[in-house]
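Breakdown of the fold
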Amino acid sequence: MKSEWVLSKDHLSYWLRQLRNERELIGPLRDGGKDILFRTVDMLHEIVLECPSSLPSPKGFLFPQYEAMFSCRGLSLSDGSDGKREISDLRDRTRRVIFGVRSCDVSAVRLLDAFCLGKLRDPYYEERRRNTFLISLVCNNPDPTCFCLGLGTGPYLEEGFDIQMTDLGDRYFVQAGSPEAVRTVRAMNFFFRKPRKVDYEDQYEVFLSSKARFRKRINLEGPRQAILSGKVGDDFWQEVTDRCFECGGCSYSCPVCTCFTVTDRINPEGIERARLWDSCMFKGFTRMAGGVLPNEKRVQRTKRWYYHKLVHYPRTTGKFGCVGCGRCAVACPGKIDMARTATKIKGLALKEEVE
Amino acid sequence: MNTIQTVCPYCGCGCGLYLHVEAGRIEGTSPSKLHPVNGGSLCVKGWNAHEFVSHPDRLKFPMIREDGRLRRASWDEALDLVARKLSGIKTSYGPDSIGILSSAKCTNEENYLMMKFTRAVLGTNNIDHCARLCHSSTVGGLAAAFGSGAMTNSINEIPEAKVLFVIGSNTTEQHPMIGKHMLEAVDRGAVLIVADPRRTQIAEFAHIHIRHKCGTDVALLMGIMNVIVNEGLVDVDFVRRRTENFDAFEEILRRFPPDVVEGITGVKAHDVRRVARIYSMEKRSMLFYAMGITQHITGIDNVRACADLVMLTGHIGLPMSGLNPLRGQNNVQGACDMGALPNVFTGYQPVSDSKTRTKFERAWRRKLPGGPGLTVMEMTDSAYEGRLKGMYIMGENPLLSDPDLSHVREAMKRLEFLVVQDIFPTETAEYADVVLPASSFAEKDGTFTNTERRVQLLRKAIPPVYESRPDWEILGDLMTRMGYRMNYRGAYEIMEEIALLTPSYGGIHHHRLQEGFGLQWPCPDGNHPGTPYLHRRKFARGLGTFIPIDFVPPDEPPDREFPLLLTTGRISFHYHTGTMCRRTMVLDREEPECYLEMNPLDADRLGLKHRSMVKVTSRRGSIKVRLYVTPRIPEGSVFIPFHFKEAAANILTNPAVDPNAKIPEYKVCAVRVEPLHAPREVEKPPVVDLEDLRIT
Ligand code: SF4
Ligand code: SF4
Ligand code: SF4
C-alpha cells in the first residue's frame, strides 16, 4: 500500500481548517520583529509556508520549558483542604497538530521518543506525544546554518514522519508515514488525488535542488572517529570552552537535548511540582548532596556535551545526538556549536595525519 | 500557545525575547533571532526570565503595618492611608521631608509618573534611583564634557570595530550580549585591550590585559593621554574644531609621564605606551567602561578622563567610534532619561532653569520647586538624622544595594512613614508601613530604554497575578487620591505626554514601536528614524570640553589593621539584589551562596584553605563567606559578589562618595579576612600605602 497523495495548494487551508476542528493547530508564524515562532494559528493565511528555521524548536510542545506535573493539597492545614490529601495529575492532554515542522525536527522527535519512551517511560512526554500529530514540510531552501544533509536527518525523510509534504509549486506531494496519518488523509480523501508520474519526477527534482543548496556539509562520523582514537586532547576542549558564557542556550535550543530539573512550588492553594529545562552546561546540574561539584571546571561540561552527542548517543541508540538543525550556531553567544566544533576536530585530525 | 514579544527584565543589553503563554501561564522564553542586540542568543538569566513571574513569593495583596505586623488590606484602604500620611507629612514638615526612590526596573512611563508625582503633587525634588549607585558619575561627567551622558554608539556596530578598549567592565558576565559582539569583533581581527585588576573572562581574549591597581584609573588614563600628546598622536584637527580648554588640560597632563604612572598603577610604562599607540592610531576604536570606572570616589574624574581620551584622539561622532558607558539595569538609561533624578526633568532638562520649569509648570498646572533635591545617600543620611520623615520606594532594595547597610537599616527604622512598592518581599519591605504589590514585566505594557538608547516596547503577556497592579496604575490612583486627577487609559498615553515634554523622545510613541525592535533616541519627531550614534558633527553642548583632573587615591586604602583591598561586583548567574534571580531555580542552584575570591598567594600567607568558611571584616561590619582561591584576582585584593542577603557585601563597603556625583565607592575598601574555624598563626601581609603614591 502506497500512502501517497497530491494536494492542490488551493485546498491546503480547507484541509487545515478541518484538522483544526479536532485539534489545536500550531504553525510557524511571524511575530512583531519578523521572527519565526511556532504558536497557535488564528488566521490560516498567516502561516508562513517558506521560512527560515524557527527558534526555539518545536520541542517545547512535547517537553515544555516549564511543565506542571501534579499538584498536591492537604499537606498543611493552611490550604483550606481540611487535611485531606488530594493529588491531581496536571498532565497536558491537549490534542495538537503541528504544521510546518522541518525534517530535522521530526528526526529529533524520533530521538526523543527513543529516549523518553524506551525502557523507562516518561509519562508526561508520553501523554503529550500521543496527542501530537506532526505535519512536516520538506525544506527546499535550507538555512546557511543547516547541516542535516550529512546526517540523513533532512532535508526530507524516507520514514519516521507522520505526514510529510513536498512543495511542488502549485501542489503538495503528501506522504503519510503512520496509520493515524493514513486515516487522517483518508477521512478527507475527496480532495486528495493519487500521484502521477510527473508528481514523482517533480518531487525528485525538489529533493535534488534542495540538496544542492546546502552551504555546510558536515559528517559527524569523522569527528567521532577522531575522538575515539584519542586525537582530541583536553587543550582542544579548553580552547572551545574559553568562549562559553554558560548560558545554556545550546541545550535549550537543541531539539534533542532533554536535561531537566524538578522543583516544588509552595503556593497558598497547595503544592505544585513542576519540571523545567536545565542544562548539563551548568556546574550545579551535577551538584552532589554536600555541595561537591564533580564538574566544576567548565571544560569538563563542554566536553561532556559533545561526548554525549558524538560518542554516547551512537553507542546506545546507533544515531548521533544531533540532527543538524543548526540552532546551537544561532543561540550560542560564544560561537561554539556542533558544526564549528566538528569542523575544528576534523581539521585537528587531518593535521595530525599530515604530520 | 501564544508568543509575546517583549524585552528582558534583567540587564541593560535589552535583549529581545518572546514569552510563551499557554492557558494564561508563562511556560517559556525564547530569544529573538533577528534582534539587533542579541540575534538569537540570550544569557542564562534571559533564558529563565519567565520563571520568577509566577513564583509563590510574589506579593499578593496590599499590606498595612499594625502593631508592628503587616496585615492584609484592600487597595482603597492602603492607598487612602498612603495619601493621608504623605499629605500629612507634607503639611506638617514641608514637602522636602519626603524622599522618593524610583526604579531602574520600572518602565519609562512609570518613572515619568513617579517624577511627576514627586514634583507636581508632593512639590519636592527629592527623587532619585539606583543610577546614583552605578552611573551617576557618567551622567554628570559626560554631561559636562559632551552635553549628554549615554552610550554614543550602537551595540551592533561593535563587530565592525578595529580596536576595543574595555576598562572596568566584566563584559561577558555583566553584559553578555555586548560581550558576544566583542568576541565577534576579535574574531574579525579587532585588537582588544582590557584594563581590569581581575582576570575576567573577557580578559582571556585580550591582546593586552592591563592589571592596574583598583582605584588608579585616572592615573592610567592620564598616562595614556600623556603618551598620545608626547608622541604626536593627537587628532589636532578634531581638538581644534570641536573642543575647547585643551591648554589647561595639557598643563596637568604633563605630570603623568608613563614611568610615574607605572609607580602609581603598577602597569609597566611600556604597556601604557603600547595601549596609547594602538588606541589612537585606529579611527574605528570604541572605548567601553562600566562600574569599574564609576563606582569610586573619583567616579566623575574617571569618566572625565575617558571623555578626554576620546576627544584627544577624535574617536567620537562616527559609527564604530565613541565612548560607551555600559549601563547596568534594564531601564536605568530610561529612568535617568525620565528625570528620576534630583536635578533634572525628562531628557536632562535642568530643574534650576526657569524656562524649563515654566514649561513643565504649564503642562502640569502646578508650581514646581527649583532647588536640587536629595540623592539616595543623602536621603538615607537625612532620614538617619531625622530630617526626612517619609519615603516612598518603588522597586528598589536599598537594604541590600546601598553601602554601609547597618547605617541604612537604622535610617529606615527612624522614618515616620515608609511605603514600599515591589513585586517580591524585599529586605527593605520589612521596615515598611505600607507594602503595595506591583506587577512584573510580564504583566504590563510600557517601554524600556536599553544602554544603547534603544526604546523598546514591553508587552503584557498575562494579567496581573493575584491583586497586584502595574506601577503606573498604582501611582495614577494615588495621585488622584491626593487631589491631582490622573486618567491615563494606558501606558501609551503617558508616553505621549513624555514625547510632548522631552525633545529627545519627541517622536517616540508606542505605535511606532509596535513593529521591529524599537527606536534609539534622540528621535525628535514622528518621522525621525532614531539615532544610532551620537555627537555627529557637533557635540550636544556645542564644543566638547577638556576637563583637567588629578589623581586622588581611594578613600580607604588597605592598612595594617585591614590589609586587603575589597572590590565588589556581580556574577553572571545573579542580578543585583537577587529578588528575581534568586527565585529562579536554575540560577539560584548554580551559585547558592556567597563567596570571596582570593589570590593563592594571599591564601597561603593567611593559611586559608580553598572552600573553607572565612570571616571578612571592615570598619563597618563583618560577614561570613566561603573562600574561593583563584589567580583571577591579583595579590592583595579580594572580590565579593554583592547579590546575597545572607552575606551582604554592602555591610562592608565604604559609604564615602564622589563629591559631585554622590556615587559611593563600592569598588575599593579595606578589609581583613580571618578563618572562621580553627584559627592558625597568621602572618601579617605587606602593607601597600597608597598615601605615599599621591602626586602633588
Ligand atoms: S547539536 Fe546543534 S545542530 Fe545538532 S541538533 Fe542540537 S542544536 Fe541542532
Ligand atoms: S550556548 Fe554556547 S555559551 Fe551558551 S552554554 Fe552552550 S556552549 Fe556555552
Ligand atoms: S544579556 Fe542582559 S538583557 Fe540579554 S538576556 Fe542576559 S540579562 Fe537579559
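Residues numbered from 1 in each chain as written. Chains lettered and ligands numbered in written order. Predicted model: local features only at pLDDT ≥ 70, side-chain atom pairs only at ≥ 80, totals over all residues. Heavy atoms only, no water.

Helices and strands together make up the secondary structure of chain B, namely 25 helices and 28 strands. The C-alpha radius of gyration computed for chain B amounts to 24 Å, which stays within 12% of the reference 26 Å derived for 696 residues, consistent with globular compactness. If you line up chain B on its principal axes, its C-alpha atoms span 65 × 65 × 55 Å. In chain B, the proportion of contacts linking residues at least 24 apart, taken out of those at least 6 apart, comes to 74%. (Helix = DSSP H or I, 4+ residues; strand = E, 2+ residues; numbered from the N terminus. Rg over C-alpha atoms; globule rule 2.2 N^0.38 Å. Contact = heavy atoms within 4.5 Å.)

Next up on the list: the packing of aromatic side chains. The final tally for this structure, using the stated rule, is 29 aromatic pairs over all chains. Aromatic pair Tyr 10 of chain B and Phe 52 of chain B: ring centres 6.3 Å apart, planes at 75°, arrangement edge-to-face. In this pair, Tyr 10 of chain B is assigned in the loop between strand 1 (2-7) and strand 2 (16-22) and Phe 52 of chain B in the loop between helix 1 (44-47) and strand 4 (63-66), connecting sequence segments 42 residues apart. In this pair, the class of Tyr 10 of chain B matches that of Phe 52 of chain B, namely buried. Here the aromatic residues Trp 5, Tyr 14, Trp 15, Phe 190, Phe 191 and Phe 192 of chain A are joined through ring pairs into a cluster of three or more. Lying over the aromatic face of Tyr 172 of chain A, Lys 9 of chain A brings its terminal NZ or CZ to 5.4 Å of the ring centre. (Phe/Tyr/Trp six-rings, centres within 6.5 Å; stacked < 30°, edge-to-face > 60°. Buried < 20%, exposed > 50% of the residue type's maximum accessible area, 1.4 Å probe, protein only. Lys NZ or Arg CZ within 6 Å of the ring centre and 35° of its normal.)

Moving on, we come to the nonpolar core. Residue and element names in this part refer to chain B. Among the nonpolar cores identified, the biggest contains 68 residues, and Tyr 10, Leu 164 and Leu 192 are the most heavily contacted of them. Here the element with the most residues in this core is helix 7 (residues 176-187); it accounts for 6 residues. Once residues lying within four places of it in the same chain are set aside, the contact partners of Leu 192 are Leu 164, Val 166, Val 186, Ile 202, Phe 205, Ala 206, His 207 and Ile 208. (Core = buried A, V, L, I, M, F, W, Y, C linked by side-chain atoms within 4.5 Å.)

Here we take up the site of ligand 2. The environment of ligand 2 is formed by Cys 244, Phe 245, Glu 246, Cys 247, Gly 248, Gly 249, Cys 250, Met 281, Cys 332, Pro 333 and Ile 336 of chain A. Classifying every residue of the shell around ligand 2 by side-chain character gives 8 nonpolar, 2 polar and 1 charged. (Near = heavy atom within 4 Å. Nonpolar A, V, L, I, M, F, W, Y, C, P; charged D, E, K, R; others polar.)

The next thing to look at is the interface of chain A and chain B. Taken together, the contacts link 57 residues of chain A with 53 residues of chain B. Surface buried jointly by chain A and chain B totals about 4,400 Å² across both partners, of which 48% is contributed by carbon and sulfur atoms. Considering only the surface of chain A that becomes buried against chain B, Gln 65, Phe 245 and Arg 265 of chain A emerge as the three largest contributors, covering 15% of it. Across the contact surface, chain A and chain B share 9 salt bridges. The interface formed by chain A and chain B holds 30 residue pairs in polar contact (both at pLDDT 80 or more) in total. Counting only elements with at least two residues in the side of chain A that touches chain B, the list comes to strand 3 (36-40), strand 4 (66-73), helix 8 (249-253), strand 11 (260-267), strand 12 (270-277) and helix 10 (327-331) of chain A. In terms of residues, the side of chain A that touches chain B owes the most to one element, strand 11 of chain A, which gives 6 residues. For the side of chain A that touches chain B, the residue count by class is 24 nonpolar, 13 polar and 20 charged. (Buried area = accessible area lost by both parts, 1.4 Å probe. Salt bridge = Lys/Arg side-chain N within 4 Å of Asp/Glu carboxyl O. Polar contact = N/O pair within 3.5 Å; in protein donor to acceptor, adjacent residues only side chain to side chain.)

Turning next to the side chain of Arg 23 of chain A. When you line up the elements, Arg 23 of chain A lands in the loop between helix 1 (12-22) and strand 2 (24-30). Those residues in contact with Arg 23 of chain A, other than ones at most four positions away along the chain, are Arg 95, Arg 96, Val 97, Asn 131, Thr 132, Phe 133 and Glu 180 of chain A.

Residue and element names in this part refer to chain A. Around ligand 1 there are 13 residues in total, and Cys 254, Cys 322, Cys 325, Gly 326 and Cys 328 lie nearest to it. Broken down by secondary-structure element, the contributors of at least two residues to the shell around ligand 1 are helix 9 (298-317) and helix 10. Here the shell around ligand 1 is built from residues that sort into 9 nonpolar, 2 polar and 2 charged.

With that out of the way, let us pick up the sheet that holds strand 25 (residues 637-641) of chain B. Sheet strands pair via backbone hydrogen bonds, and the direction of the pair is either parallel or antiparallel. Residues and elements named next belong to chain B. Taken in spatial order, the 6 strands line up as 21-25-22-24-23-28 and close into a barrel, and their pairing is mixed. Here the average twist between neighbouring strands, direction ignored, is 45°. Judged from the 4 bridges that link them, strand 22 (residues 595-598) and strand 24 (residues 621-629) form a sheet pairing that is parallel. Counted as the bridge partner of Met 598 is Val 629 from strand 24. (Pairing = 2+ DSSP bridges. Axes fitted to C-alpha atoms, helices over the stretch in contact; angles between N-to-C directions.)

Glancing now at the side chain of Asn 295 of chain A. For Asn 295 of chain A, the position within the fold is in the loop between strand 12 and helix 9. Excluding anything up to four places from it in sequence, Asn 295 of chain A contacts Lys 283, Thr 286, Gln 300, Arg 301 and Arg 304 of chain A.

Right, let's get into unusual backbone geometry. Backbone phi values are negative for most residues with the exception of glycine, while trans is the configuration of most peptide bonds. Cis peptide bonds are those with omega within 30 degrees of zero, and the linkage from Gly 154 of chain A to Pro 155 of chain A qualifies with -5°. If you trace the backbone, Pro 155 of chain A turns up in the loop between strand 7 (132-137) and strand 8 (163-167). In the segment running from Trp 521 of chain B into Pro 522 of chain B, the intervening peptide bond is cis, with an omega of -5°. Checked against the element boundaries, Pro 522 of chain B lands in the loop between strand 19 (519-520) and strand 20 (544-545). The phi dihedral of Ala 23 of chain B is positive, around 50°, even though this residue is not glycine. Looking at the element boundaries, Ala 23 of chain B is found in the loop between strand 2 and strand 3 (25-31). We classify Ala 23 of chain B as exposed; its relative accessible area is 76%. Positive phi, close to 70°, is recorded for Asn 245 of chain B, a residue that is not glycine. Along the chain, the position of Asn 245 of chain B falls in the loop between strand 11 (243-244) and helix 11 (246-253).

Here we take up the domain arrangement of chain A. All names here are of chain A. Here the domain parsing of chain A yields domain 1 (3-56 + 91-212) and domain 2 (221-350). Relative to domain 2, the C-alpha centre of domain 1 lies at a distance of 28 Å. Summed over both sides, the interface of domain 1 with domain 2 buries roughly 1,700 Å², with 69% coming from carbon and sulfur. Broken down residue by residue, the surface that domain 1 buries against domain 2 is led by Leu 55, Leu 111 and Phe 147, which jointly contribute 33%. Remark: the boundary between domain 1 and domain 2 carries 2 salt bridges. Notably, a salt bridge pairs Asp 122 with Arg 275, separated by 2.8 Å at the nearest N-O pair. At the surface where domain 1 touches domain 2, the tally comes to 6 residue pairs in polar contact (both at pLDDT 80 or more). (Domains from an automatic or database assignment.)

Each regular strand displays side chains that alternate between the two surfaces of the sheet. Residues and elements named next belong to chain B. Counting buried positions along strand 15 (residues 417-422) gives 6 out of 6 residues, so the element sits mostly inside the fold. Alternating residues of strand 15 divide into Phe 417, Val 419 and Gln 421 and Leu 418, Val 420 and Asp 422, and every residue in both groups is buried. Here 5 bridges tie strand 14 (residues 390-394) to strand 15, and the two strands are oriented parallel to one another. Residue pairing in the sheet places Met 391 in a bridge with Leu 418 of strand 15. When strand 15 meets strand 16 (residues 434-437), the two strands line up parallel, connected through 4 bridges. Residue pairing for strand 16: Asp 422 is matched across the bridge by Pro 437.

This brings us to the sheet that holds strand 18 (residues 454-458) of chain B. Residues and elements named next belong to chain B. Strand order across the open sheet formed by 3 strands is 17-18-19, with antiparallel pairing between neighbours. Strands at the two margins of the open sheet, each flanked by one partner only, are strand 17 (446-449) and strand 19. In terms of strand pairing, strand 17 meets strand 18 through 4 bridges, oriented antiparallel. The residue of strand 18 that forms the bridge with Phe 448 is Gln 456. Helix 3 (residues 108-122) contacts strand 17 and strand 18 of the sheet and is inclined by roughly 95° relative to strand 17.

Residues and elements named next belong to chain B. The domains assigned to chain B are domain 1 (2-54), domain 2 (63-133 + 330-520), domain 3 (136-325) and domain 4 (564-675). The straight-line distance from the C-alpha centre of domain 1 to that of domain 2 is 25 Å. Listed as interface residues are 24 residues of domain 1 and, on the opposing side, 24 residues of domain 2. The largest per-residue losses of area from domain 1 upon contact with domain 2 belong to Gln 5, Val 7 and Val 53, which jointly make up 27% of the total buried on that side. Joining domain 1 to domain 2, the criterion identifies 0 salt bridges. Among the secondary structure elements, those contributing two or more residues to the side of domain 1 that touches domain 2 are strand 1, strand 2 and strand 3. It is strand 1 that contributes the most residues to the side of domain 1 that touches domain 2, 4 residues altogether. Its residues assigned to classes, the side of domain 1 that touches domain 2 shows 16 nonpolar, 7 polar and 1 charged.

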